[in-house]
Amino acid sequence: IVYMSEDGPEAMVQVELPGNWYDNTTLGNGAPGRNKSFVDEDDECVVDLTQYPNQELPVQNLEDDGTTIISYANMSRMKHLSEPAVLFNLKERLRLEMPYTRAATDVLISVNPMEFSGRIESLYEDELREEYCKKLVGMAPNGCYGGGHVANDGTSELEPHVFETSALAFQDLAHTGRDQSIIITGVSGSGKSEAAKFCLCNVVLMCATNFALEAEQSPDREAPPDADLPMFLMDSNPIFEAFGNSATVLNTNSSRFGKLTELLFAGAGTDTGESPRLVGANFSTYLLDTARVVGHGAKNERGYHIFYQLLASPKSYRRQLWEGTDRLDPSCFRYLGATNITEIENGSDEDHWYTTIAALETFGITEDELRTIMIALCIVLQLGNITIGNEKTSEDSMRSINTSAYDDLETLSKLMGVAYEDLNNAITRRTVQIGKNHTKLIQLMKGDVLDNRDSFAKMIYSLYSFAKMIYSLVFDWLVERINDYICPYEEGKFNTIRFLDYFGFEQNDRNQFETLAINYACEKMQCNMTDRLLKLESQYKAEGIIDGKQTFNTPSNSDILDLFERGHGLITVLTDESSRNSGSDSGFVFKIKNIHRNSPALVEEAGRVKRSALMASTKFSIRHSVGTVEYDGTNFIASNKNKLSEDLLNIGRSCTNKIISEGFTERAANIRAGLTQENEFLSAFSTELDGLISRLNDTKIRHIVCIRPNDVDAPKVMDQHSVLKQLRSANIFEGLLIERSAGSYCDSLSFGDILKQYICFYGGTSTNRSPKEIVRDLLGSFFDEENELAQFYKMGNERVFFSKDAIFRLEEQRQNLLGFSASTIQCFLRGVPCRSEYLKKRRAIILIQSCWRRHNALLYFNAYRDSAAAYEIEESSRCRSQMMEHESAVLIQGRWRIFWAKTCFNEGKHAASVIQKSFRAWCKRKSLTMSLHRLIHHAKMDVRIKNLLEQLPLSAANGSSDLAMESKETIVYMHEEMNKLRNSNLALQEQLSSEKGSIVRLKRNNSLRSERSEAHQIDVRKLNAKTQMLEAELRVSRKEAKQLQDKLQFSDLIANKRADELNLTYVKQISERDTDIACLRQQLSALQTKHNFEKSRLSGELEKGATTGKAEIAKLNERIESILAAHKDEVSQLLSSLEQMEHDRDDIKGKHESYESELKDMKEELDSSRNDYLEEVAQLQREFRKSTAADKMRIRELEDELHSTKSDLEQCKDDLRNNASDDVNFLRSALNKAHNDIRKSKLEMDALKASHELEKNKIRNEMKKKTAPCRRCTWQKSMTKAKARQKEKNRAIDSDSE
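Presented here is a report on the structure given in the accompanying data block. Every chain begins its residue count from 1, and numbering advances along the sequence as written. Per-residue local features of the predicted model are confined to residues with pLDDT of at least 70, and side-chain atom pairs are confined, for both listing and counting, to 80 or more; whole-chain, interface and lining totals are unaffected and use all residues. The side-chain numbers reported here are obtained from all heavy atoms of the structure, hydrogens and water having been left aside.

1. Here's the deal with the pairing of strand S18 (residues 619-624)
- Partly exposed residues are those whose accessible area sits between 20% and 50% of the maximum for their type, while under 20% is buried and over 50% is exposed, using a 1.4 Å probe and protein chains only. Runs of E in the DSSP output that reach at least two residues are strands. Runs of H or I that reach at least four are helices, and both are numbered from the N terminus. With respect to burial, S18 is a largely interior element, five of its six residues being buried.
- Judged from the six bridges that link them, S18 and strand S19 (residues 627-632) form a sheet pairing that is antiparallel. By the bridge assignment, Phe-620 is partnered in S19 with Tyr-631.
- Taking the residues that link successive antiparallel strands as the turn, the S18-S19 hairpin has two residues. For two strands to pair, DSSP has to find at least two bridges joining them.

2. Description of the side chain of Thr-575
- As for its position among the elements, Thr-575 is in helix H17 (residues 570-579).
- A polar contact of 2.8 Å, which involves the side chain of Thr-575, links it to the backbone oxygen of Ile-571. Identification of polar contacts relies on pairs of N or O atoms within 3.5 Å, with a donor-acceptor requirement for protein atoms, meaning one able to donate a hydrogen and the other able to accept it, and with residues adjacent in sequence counted only if both atoms are side-chain atoms.

3. Focus on the packing of helix H12 (residues 420-428) against helix H21 (residues 646-653)
- Lines are fitted to the C-alpha atoms to define the axes, a helix being fitted only along its stretch in contact, and any angle between axes, read from their N-to-C directions, falls within 0 to 180 degrees. Following both chains from N to C, one finds H12 and H21 inclined at 150°, their axes separated by 8 Å at the closest point. With respect to each other, H12 and H21 are oriented roughly antiparallel. Every pair of crossing elements has a handedness; the one defined by H12 and H21 is left-handed. Contact with H12, carried on its side by Asp-422, Leu-423 and Ala-426, involves Asp-647, Leu-648 and Ile-651 of H21 and no other residues of that element.
- Its residues placed into classes, the contact of H12 with H21 shows four nonpolar, no polar and two charged. To sort the angles, those under 35 degrees are grouped as roughly parallel, those over 145 as roughly antiparallel, those from 65 to 115 as roughly perpendicular, and the leftovers as oblique. Helix crossings fall into two classes, left-handed where the near helix is turned counterclockwise from the far one by less than a right angle and right-handed where it is turned clockwise. Here, two residues are considered to be in contact whenever any of their heavy atoms come within 4.5 Å of each other. In this classification, Asp, Glu, Lys and Arg are treated as charged, Ala, Val, Leu, Ile, Met, Phe, Trp, Tyr, Cys and Pro as nonpolar, and every other residue, Gly included, as polar.

4. Looking at a negative patch on the surface
- Taken together, the side chains of Glu-121, Glu-125, Asp-126, Glu-127 and Glu-130 define an acidic patch exposed on the protein surface.
- With three residues, helix H3 (residues 126-136) is the single largest residue contributor to the negative patch.
- Among the residues examined, Glu-121 registers a relative accessible area of 42% and is labelled partly exposed. Patches in this entry comprise residues that are over 30% relatively accessible and not in a salt bridge; like charges within 9 Å are linked, as are nonpolar side chains (Val, Leu, Ile, Met, Phe, Trp, Tyr) within 5 Å. Accessibility throughout is a Shrake-Rupley quantity obtained with a 1.4 Å probe, and a residue counts as covered only by protein chains that appear here. In the sections that follow, a salt bridge refers to a side-chain nitrogen of Lys or Arg positioned within 4 Å of a carboxyl oxygen of Asp or Glu. For this count, His and the chain ends are skipped, Lys and Arg are scored as positive, and Asp and Glu as negative. Where a charge lies is defined by one atom per residue type, namely NZ (Lys), CZ (Arg), CG (Asp) and CD (Glu).

5. Focus on the packing of aromatic side chains
- Between 30 and 60 degrees the pair is tilted, below 30 it is stacked and above 60 it is edge-to-face, where a pair is any two Phe, Tyr or Trp rings, Trp via its six-membered ring, whose centres lie within 6.5 Å. Tallied over the full model, the rule gives 27 aromatic pairs.
- Measuring from centroid to centroid gives 4.2 Å for Tyr-124 and Phe-198, while their planes differ by 10°, and the two rings are stacked. A residue pair is termed long-range when its members are at least 10 positions apart, and Tyr-124 in the loop between helix H2 (119-122) and H3 and Phe-198 in helix H5 (residues 192-217) qualify at 74 residues. Residue Tyr-124 shares its accessibility class with Phe-198, and that shared class is buried.
- Members of the aromatic cluster, each reached through a chain of ring pairs, are Phe-513, Phe-588, Phe-620, Tyr-631, Phe-636 and Phe-681.
- Sitting above the plane of the Tyr-308 ring, Arg-302 keeps its charged end 4.0 Å from the centroid. Two conditions define a charge sitting above a ring: the NZ of Lys or the CZ of Arg must be within 6 Å of the ring centre, and it must be within 35 degrees of the ring normal.

6. Re the sheet that holds strand S6 (residues 180-186)
- Taken together, the seven strands give an open sheet; going across it, the order is S4-S5-S20-S6-S17-S9-S10, and neighbouring strands pair in mixed fashion. Two strands close off the open sheet at either side, each with one partner strand: strand S4 (100-102) and strand S10 (277-286). Direction aside, neighbouring strands of the sheet carry axes that sit 15° apart on average.
- Looking at chain direction, S6 and strand S17 (residues 495-501) are connected through five bridges and run parallel. Considered in S17, the bridge of Gln-180 is made with Ile-497.
- The strands that helix H1 (residues 83-95) touches are S4 and strand S5 (107-111); relative to S4, the one it contacts most, it runs at about 145°.
- The strands touched by helix H6 (residues 229-244) are strand S9 (258-266) and S10; relative to S10, the strand with the most contacts, the crossing angle is about 15°.

7. Details of the packing of helix H11 (residues 406-416) against H12
- Running from N to C, H11 and H12 cross one another at 110°; their axes reach a closest spacing of 9 Å. Relative to H12, the element H11 lies roughly perpendicular. Contacts between H11 and H12 involve Tyr-406, Leu-409, Glu-410, Leu-412 and Ser-413 from the former and Tyr-420, Leu-423, Asn-424 and Ile-427 from the latter.
- Of the residues contributing to the contact of H11 with H12, the split by class is six nonpolar, two polar and one charged.

8. Concerning the nonpolar core
- Nonpolar cores are built from buried Ala, Val, Leu, Ile, Met, Phe, Trp, Tyr and Cys residues. Side-chain atoms within 4.5 Å join them into one set. Judged by nonpolar contacts, the single largest core of 114 residues is most densely connected at Phe-243, Phe-307, Met-374 and Ile-379.
- In terms of residue count, the dominant contributor to this core is helix H14 (residues 453-486) (15 residues).
- The contacts of Phe-307, once residues within four sequence positions are left out, are Leu-336, Leu-377, Val-380, Leu-381 and Tyr-471.
- Within the second largest apolar cluster, 43 residues are counted, among which are Phe-505, Phe-513, Tyr-520 and Ile-592.

9. Some points on the pattern of salt bridges
- On inspection of all chains with the given rule, the structure shows 28 salt bridges.
- Of the charged contacts in the structure, one is a salt bridge between Arg-102 and Glu-164, with a shortest N-O distance of 3.0 Å. One end of the pair, Arg-102, is in strand S4; the other, Glu-164, is in helix H4 (residues 162-176), with 62 residues separating them in the sequence.
- Residue Glu-164 is classed as buried on the basis of its relative accessible area, which comes to 5%.
- In this structure, Lys-468 engages Glu-514 in a salt bridge whose closest nitrogen and oxygen atoms are separated by 3.7 Å.

10. A closer look at a nonpolar patch on the surface
- Nonpolar side chains collect at one region of the surface, where Trp-896, Phe-899 and Trp-900 lie side by side and expose about 400 Å² of accessible area between them.
- Relative to the elements of secondary structure, Trp-896 occurs in helix H30 (residues 870-957).

Below, the structure is given as structure tokens:
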């Protein structure tokens, strides 16, 4: 201070600027440099002290050197608290790359660093995040987050961070079970979305770590069913950014909608030491900025990212969708236009496309559904290329409005799957409702356009609204799909952590309806935060924590909310004007200016004198918390109506795109059901905001105030005017003052809550003492050792205010005490069964020892008693040993004889084989010698013949030629005959040898057949025995059938008796009713005589009772008929089963006849030896016929019984129709009993049928077994005859050979 003025509150000050002042300070125009509006060239200026509190200049927080500004992580601990001190503290921390600073209780200030490198990048590493989680949340014994206890808050040793805010919310939820909310506020470009993303990421990663530990510790190593929730939540961010974010002047990735993220937890707030388990989540969106769909401002802005990502997708994929996407330049589409932005967050649109597709695939959106979404986006783009032009007509030389390009409209019709004419008519015509049941189609004429430009503008605006509606349907469909995947598997009441990322104040070149709604939402949230501060201030004053005369001058925006809500506020006027058919935007603006001309929130019209009347009639200005915003009221009415023409709605419902058609259909259904109100968009949005605020107020709220340091996106540079305005709008300074005045007491508990939760620390008596005195003694004894009472808590009138350390210390001691008590109780509980088990074992051990001693004593006694019989025992043992030796000798001899017999048999067998071999060899040698002698003889004869033939010519030469010729011919003839005989002899020998082999085989087969015949005879004897057994079983089954018949007769008798009893009861009941009716009649006559005045009313009631009685009787009759119908079905089933039995009986007859024909054929083929067997078969057949006849008789009897039951049912039906409704129970029991009897008879019929089938199968098997031996006998006889003939043939052959 150079000098103080004596005339007035003024001072001449000299400002010493730090060396980096010009580098870290920006002017109002955004250019860094020297701000002459604050500092003159000579660094001296005059200051008006009346503008400062208590007419005192603020003091800086400097180090001991007097030049360095102290950087406070928690600004409530600043030595000198003032607005400049807060501002310069944030500026210093931004220079040191520390963007986070603690403000008031549960308030964190986040200054956007405008870069993500160096120390800023290291702030979001996993190691740092885990450090915050371990120190603030705590860990359970199994390693999970949120299950342990934290000794202190840990914030004193940790730097402020969004990880701290989210970790504290998770820790508070885990230990107290109270729902938590984190509200992220700030202007556009201040980093709200990133802060919300990091908060959500921190909580989700803690839950993912808990799921991984649970999977590792489970026996089967399987992950829990909710383990995929963290992945779903993380993958939802790219989808929301692609479909809900766009590039604005202030932010290239600005979120254009409000989002409430709710994480649902189970098992929170329990004392079991378990961490809360994430079971689901839910996303709620508010006020999607659909104005960005149909256009944007300057070239440094863009529409929603998904449009540009679609144009950057692979060319093959785009061609599959729509040929129009081959135009890669966004300027080819009117809604996108030209833009200078090619990258978002250092990534191209193509890279973001693949990221978005991968995220969509996580939620099951692939192929068909993905194509449906992208086609809907193509429809939005093509809607922007539809233009309105003029076309001449032939009638009255009038011009109707039509689309300019046929190809564009044809392309749009193909994309939507609707007819070209229908789409053209929906755009160029309007269906007007006349009355309730009549409509009229109006063609928009050129005259209408020229005379009233609003008609032409409204038609264009309807296309804009149609495109906005389609995009909002796609966005809502995506949100619903994401919620379907992350909704909890189980139902119940869950604890929640909510993250609210809502809109920041906006001020554009042209502020329309969407900007008004966004700023209104910001004012509502600002008012809620201000109300919380005022409530906290009043609470501190009421409890005596601060001086009641002290004022903080907390700014309030109630006048702005009054302009919107109170009386005929802006919302009410807009709703009324939208409901009127003649309502207009200019009329709405005129009413606002006229009604609220005295409102301080509405700017007067003095500055609009030079503007045209048309422009001035639709524009108005409002003084918001962050500054004055001028609004253009054009299309306010149409936007608030949120309504499309019926023609376009029909086009949307008939669209082949599933998302569009279902969305428009559901919208129409909601409008008809009254779920969606037209003409009340802003009013409904206000109600929705009220509901959101009430939900948030029921939770523990933490604030993250995001600050945008400058408008040029320069790192480490702060525009002090803008930052100060943002701090004032968030009431940061007032919150710090209130907390500073209250002594940093952040938490408070009532006396009752303290006694309920911490009564375990109180050791005195509570009789005749007030809760305040008990609490004072309790806390005094607890904090007495540390001698720091004023530091930890402060007593109020009805509550106690604690610092964070005090709450943590109390909770720590409480947990320790509860843990000690629990361990003590567990020790006793574990000791009781252990001691009882010990005593039980001790008694058992004593009993075992006594039994063992008794056993030993008995052994000693028995040994002493048996010593006298030792000699007898020895003798018995010797006898036993001798007997064992004898038995062993016998066994050895037997085994030896077996071995010797076996050896002799083997030797004899070997000798026999040797003899047979030698005999066969001798026979072979004999036959060989005989054949050799024969050959020698034949050779000699041949030689002699040759010699004779040689001698014949000599004899012919001697003169006997005739004799020689004759003898030659004789010799030749004899030689030929001899050769023939020789060949025939050889053939006969071969035949003889073959016959001998066949004779041997026949002998062998004959012996085998004789053995088989003996076996067949044995089988015949067994079959005879089985037939006798079957006859006995038949007799037993007949007896059982007779017994069943007797039981049925007995049951019939019982049923008849029961029917007689029921008839008697019916008669008694009818007589009782008659007497009751007579009594009632007497009473009625008496009442009629006494109450003549009420006769008409009683008669009316009687008539009503009669009608109701008739209705009940009709209902009972219907039930009776249904019961009878059900019994009819059962009777029909029984008849069908009887018909099936008759069919089976006919089949049995047919099979029996086939058996008889087979028996006749067998009788013709068999010999006389089978006559006896045929007689037995005939006897069996007769018995079978008798049994079938008996079965037929039984079936007839059952049929008669069924007919009788049918008659009984008919009788019961008649009785039911004749009797009153009270007899239904008795009839139902009788019907049930008849039903049971029918069921029993049906079971008996099934049993008889089964026994009949068994008997039939047994007889059939016996017939097959008995016919086979007879055929074998005839074959045996034929073989004996063949053997005899073969023997005679062998004898003849032997004689011929001899």
